[in-house]
Amino acid sequence: MICICCPLGCALTAVRDKEGEITVTGNTCPRGEAYAKNECLSPKRTVTTTVRVKGEAQAAMVSVKTAGEIPKDKIMDCIRELAGVEVALPVRIGDVVLKNVAGTGIDVVATKNIEKK
Ligand code: SF4
């Protein structure tokens, strides 16, 4: 796998032995080892998308992201929940637009400032 923790993009190899121990090679730093082990055991991602702005034209959207990483298998649940979210203006970077998305314990926050007209 390719490490996505920094632009260097080290090519990692993870091997699990009979006891379940995972050995990682190809990493230049400890972050790569942690990334590879997480990818094998419990892969997670930060989700970025947009949600509608309440009462505005159809094209009015605000960019959002999960405040932390969520399990990969919860990404589509996250997207489905956000499809029904509308944000009232004004909105500020860091405002919580959805709490505990998909039961992950992680909130979704705005990543853009939009003033009320
Ligand atoms: S292993 Fe370390 S140096 Fe290599 S891509 Fe990952 S974070 Fe960057």
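So, how was this worked out
Residues numbered from 1 in each chain as written. Predicted model: local features only at pLDDT ≥ 70, side-chain atom pairs only at ≥ 80, totals over all residues. Core = buried A, V, L, I, M, F, W, Y, C linked by C-beta atoms within 7 Å. Buried ≥ 20, exposed ≤ 12 C-beta atoms within 10 Å, placed from the backbone. Helix = DSSP H or I, 4+ residues; strand = E, 2+ residues; numbered from the N terminus. Contact = placed C-beta atoms within 7 Å. Domains from an automatic or database assignment. Near = placed C-beta within 6 Å. Nonpolar A, V, L, I, M, F, W, Y, C, P; charged D, E, K, R; others polar.

This paragraph deals with the nonpolar core. Counting residues in hydrophobic clusters, the biggest one holds 14 residues, and the most contacted among them are Val51, Ile70, Cys78 and Val101. Residue assignment for this core shows that the elements contributing at least two residues are β5 (61-66) and α2 (75-83). Apart from the residues within four sequence positions on either side, Val51 is in contact with Met61, Val62, Val64, Leu82, Val85, Glu86, Val87 and Val97. Ranked by size, the runner-up nonpolar core spans 5 residues in total, among them Cys3, Cys10, Tyr35 and Ala36.

Moving on to the domain arrangement of the chain. Assigned domains of the chain: these are domain 1 (13-41) and domain 2 (45-110). For domain 1 versus domain 2, the separation of C-alpha centres amounts to 31 Å.

By nearness alone, every residue bordering the ligand is listed as Cys3, Cys5, Cys6, Leu8, Gly9, Cys10, Asn27, Thr28, Cys29, Arg31 and Gly32. Considered class by class, the residues forming the shell around the ligand number 6 nonpolar, 4 polar and 1 charged.

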